[in-house]
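The residues making up each chain are set out below.
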Amino acid sequence: MGFILKFILIAVALSWIFSNLLRFFLKSKLKQFVNHANDLKREEERRNKPKDGNVNVDHIPRDYQEKRTKEIRGGDYIDYEEVKD
């Protein structure tokens, strides 16, 4: 009976130790992965930033597009006078 109790206690202790070590290892690797991804994103943003201060707009909001299509489209306005005969 004593052997089974010792075996169970050792198995529980080892599983607890391995689970804590595994959790620590996974957290550290996940943190390294997130930091690396953030570094890559910052580097890409730095490379894509315009150097002369100009801003490029890649997206036009949908509300503006709908409003813009409703506006009257035509040619130039020509001022005229009515002539009575």
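Within each chain, residue numbers correspond to sequence positions counted from 1 in written order. Thresholds applied to this predicted model are a pLDDT of at least 70 for local features of residues and 80 or more for the giving and counting of side-chain atom pairs; totals over whole chains, interfaces and linings are not thresholded and use all residues. Processing note: side-chain calculations cover all non-hydrogen atoms of the structure and skip hydrogens and water entirely.

**Here we look at the overall build of the protein**
- Where helices and strands are cited, they refer to DSSP runs of H or I of at least four residues and of E of at least two residues respectively, numbered from the N terminus. Helices and strands together make up the secondary structure of the protein, namely 2 helices and 0 strands.
- Per-residue and other accessible areas follow the Shrake-Rupley method at a 1.4 Å probe size, with only the shown protein chains counted as cover for residues. Accessible area for the protein stands at about 9600 Å²; split by element, carbon and sulfur atoms hold 60% of it.

**Some points on the UniProt feature "transmembrane region" (unreviewed entry) in the protein**
- UniProt positions are given in the numbering used here, feature names are shortened, and annotations may be inferred rather than shown by experiment. Per the UniProt entry, the sites bearing "transmembrane region" (unreviewed entry) are residues 6-26 in this numbering.
- Secondary structure content for residues 6-26 is 100% helix and 0% strand, and the end C-alpha separation is 30 Å.

**Some words on the pattern of salt bridges**
- When a carboxyl oxygen of Asp or Glu is within 4 Å of a side-chain nitrogen of Lys or Arg, the pair counts as a salt bridge. Considering all chains together, one arrives at 3 salt bridges under this definition.
- Where Arg42 meets Asp39, a salt bridge forms, and the shortest distance between an N and an O atom there is 2.9 Å. Note that Arg42 and Asp39 are positioned in helix α1 (residues 2-48) at a spacing of 3 residues, about one turn of the helix.
- A residue is classified by how much of its surface remains accessible, and Arg42, at 51% relative accessible area, is exposed.
- The partner of Glu43 in a salt bridge is Arg47, with the nearest N and O atoms 3.8 Å apart. Taken together, the residues Glu43 and Arg47, both in helix α1 and 4 residues apart, mark about one turn of the helix.
- Relative accessibility thresholds used throughout: buried, under 20% of the residue-type maximum; exposed, over 50%; partly exposed, between the two (1.4 Å probe, protein chains only). The exposure class assigned to Glu43 is partly exposed, which follows from its relative accessible area of 30%.
- When its relative accessible area of 58% is taken as the criterion, Arg47 is described as exposed.
- Salt bridges here are not isolated pairs; linked through shared partners, they connect Glu43, Arg46 and Arg47.

**Some remarks on a nonpolar patch on the surface**
- For patch detection, residues must exceed 30% relative accessible area and be free of salt bridges, and they are connected within 9 Å for like charges or within 5 Å for nonpolar side chains (Val, Leu, Ile, Met, Phe, Trp, Tyr). Together, Ile10, Leu14, Trp16, Ile17, Phe18 and Leu21 make up a nonpolar patch on the protein surface, roughly 660 Å² of accessible area in all.
- The class for Trp16 is exposed, based on a relative accessible area of 56%.

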